[in-house]
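As a plain string of letters, each chain reads:
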Amino acid sequence: MDRKRETLFYEVKPHVWRIEEDGQMFAVKRYKNQMTADKVRKLHDQLLAVEFPFIAPLSEKGTGHLVIQPWLTDTKPVDFAAPDGRRASLDTLDALHATRDVIDWEAAGYLPRFRLLNKWEHRLQRFRHNEQLVTPYIGSSAFEQFLTYGERALDVLKAVGPDDGPMTVLHGDVVHHNLLAAEDGTVYLIDFDLAAAGSPSVEIALWMHRVLPHVGYDAEALCSELPRLRQLSDVGIAMLRYPNEVLREWNYFAGLPDMGRRQIAGHLTRYTKQALGSWERLCEFSENELDRRSAR
Ligand SMILES: Nc1ncnc2c1ncn2[C@@H]1O[C@H](COP(=O)(O)OP(=O)(O)OP(=O)(O)O)[C@@H](O)[C@H]1O
Ligand SMILES: [Mg+2]
């Protein structure tokens, strides 16, 4: 007898669904750009071929603009406020970057080069344009200070020169909700839409930017907790000075309708003030570390 198949759709976001079919759950994502979907498919193929354990395999049913993978059940976004979450997410990123030992990512051809300076110059430029909108919340002095921190960080980064670390695959978007922690603590990676080729230290520094607000911006303590961070390249150390999260979030804020702005303004203002109170110390950490290295 033909049993009727039941499929349940739950919309996670306008372009992401959780689908339940015959007791199995899948994540379905629709891409605007098929080239991105193709990149994500090729990347998963290459990682699965070397049995990389921290991704969900893609279903062959996904074609064209659609990418389908098993839903990672019993997972939740990694908690950067918890030492275990920090360690496990760093381990997973290190494992991803270490695939360069078995995959020639430069030869892969479909990964764009990660262009940090271009991206960050553009981000700072947009923040500058948003002055009228941002200053009523944080004041013009804080606005100017963040502009100066951004400009100085870019100067230092240009002086340090390009990161000539080994080229590997970078996830490209290490926000907590793209790093899903299972009940045993293992962290899985989803959402490779921004994957690129670059130096591991660049991604680890971006991960530190995400984590630092959860440890009172104490980079020294974070490096003591996870000594592997002391191997960060000079570029990675210089990157810590750039107020990446603050600038990105205010630029995002500027693009929201009034209602959306009202919802996040209070939180974002407090977040920004907390960052400002700690930024000088973070810059000192970065500067001292670079001085110490050049004195060697
Ligand atoms: N395979 C999966 N298993 C479990 N949850 C998933 C899976 N794929 C997606 N999700 C959930 O759906 C959310 C959105 O998916 P995804 O990150 O791919 O979309 P996105 O629009 O690119 O997200 P963003 O740009 O906000 O990072 C994820 O943060 C996660 O909560
Ligand atoms: Mg995502």
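Draft legend 1. Representation of the coordination of the magnesium ion (ligand 2). The protein atoms that coordinate the magnesium ion (ligand 2) are Asn-178 (OD1) and Asp-191 (OD), at distances spanning 2.1 Å. Here Asn-178 is found in the loop between strand S6 (168-170) and strand S7 (179-182), whereas its partner Asp-191 is found in the loop between strand S8 (187-189) and strand S9 (196-198), with 13 residues between them in sequence. For Asp-191, a relative accessible area of 22% translates into the label partly exposed.

Draft legend 2. Here's a closer look at the packing of helix H10 (residues 244-254) against helix H11 (residues 258-295). Where H10 contacts H11, the axes come no closer than 11 Å and their chain directions differ by 160°. Considered as vectors, H10 and H11 are oriented roughly antiparallel to each other. Between H10 and H11 lies a crossing of left-handed hand. Judged by residue contacts, Glu-245, Val-246, Glu-249, Trp-250, Tyr-252, Phe-253 and Ala-254 of H10 engage Arg-261, Ile-264, Ala-265, Leu-268, Thr-269, Tyr-271, Thr-272 and Ala-275 from H11. In terms of residue class, the contact of H10 with H11 is made up of 10 nonpolar, two polar and three charged.

Draft legend 3. Molecular detail of the layout of surface pockets. By volume, the largest pocket amounts to about 1,100 Å³. Lining the largest pocket are 42 residues, and of these Lys-29, Asp-173, His-177, Asn-178 and Asp-191 lie nearest its centre. Here the lining of the largest pocket gets four residues from one element, more than from any other, and that element is helix H4 (residues 116-129). Grouping the constituent residues of the lining of the largest pocket by class yields 22 nonpolar, eight polar and 12 charged.

Draft legend 4. Highlighting the pairing of S7. What you see with S7 is no split at all: Leu-179 and Ala-181 on one side and Leu-180 and Ala-182 on the other are buried throughout. With three bridges connecting them, strand S5 (residues 75-77) and S7 associate as antiparallel partners. Counted as the bridge partner of Pro-77 is Leu-180 from S7. One ladder, built from three bridges, connects S7 with S8; its direction is antiparallel. Looking at the pairing, Leu-179 lines up with Leu-189 of S8. From the end of S7 to the start of S8, which pair antiparallel, there are four residues, and Gly-185 there has a positive phi angle of about 95°.

Draft legend 5. A look at the site of ligand 1. In the vicinity of ligand 1 there are 17 residues, among which Lys-13, His-15, Lys-29, Leu-72 and Asp-191 approach most closely. Lys-13 places a polar side-chain atom, nitrogen or oxygen, 2.8 Å from an oxygen atom of ligand 1. Burial of ligand 1 by the surrounding chains reaches 81%, relative to a free accessible area of 610 Å². Among the detected pockets, ligand 1 sits in the largest pocket. Looking at the shell around ligand 1, the elements with two or more residues in it are strand S1 (7-13), strand S3 (24-30) and strand S4 (66-70). In the shell around ligand 1, the residues fall into eight nonpolar, four polar and five charged.

What counts and what doesn't
Residues numbered from 1 in each chain as written. Chains lettered and ligands numbered in written order. Predicted model: local features only at pLDDT ≥ 70, side-chain atom pairs only at ≥ 80, totals over all residues. Heavy atoms only, no water. Donors = N, O, S within 2.8 Å, 3.2 Å for Na, K, Ca; no water. Helix = DSSP H or I, 4+ residues; strand = E, 2+ residues; numbered from the N terminus. Buried < 20%, exposed > 50% of the residue type's maximum accessible area, 1.4 Å probe, protein only. Axes fitted to C-alpha atoms, helices over the stretch in contact; angles between N-to-C directions. Parallel < 35°, antiparallel > 145°, perpendicular 65-115°, else oblique. Left-handed = near helix turned anticlockwise from the far one by under 90°. Contact = heavy atoms within 4.5 Å. Nonpolar A, V, L, I, M, F, W, Y, C, P; charged D, E, K, R; others polar. 1 Å grid on protein atoms, 1.4 Å probe; cavity = no way out; pocket = protein on both sides within 12 Å on 5 of 7 lines; lining within 4 Å. Points joined across faces, edges and corners; volume = space filled by probe spheres on them. Pairing = 2+ DSSP bridges. Near = heavy atom within 4 Å. Polar contact = N/O pair within 3.5 Å; in protein donor to acceptor, adjacent residues only side chain to side chain. Areas by Shrake-Rupley, 256 points an atom, 1.4 Å probe, with all protein chains shown as cover. Sits in = over half its atoms within 2 Å of the grid points.

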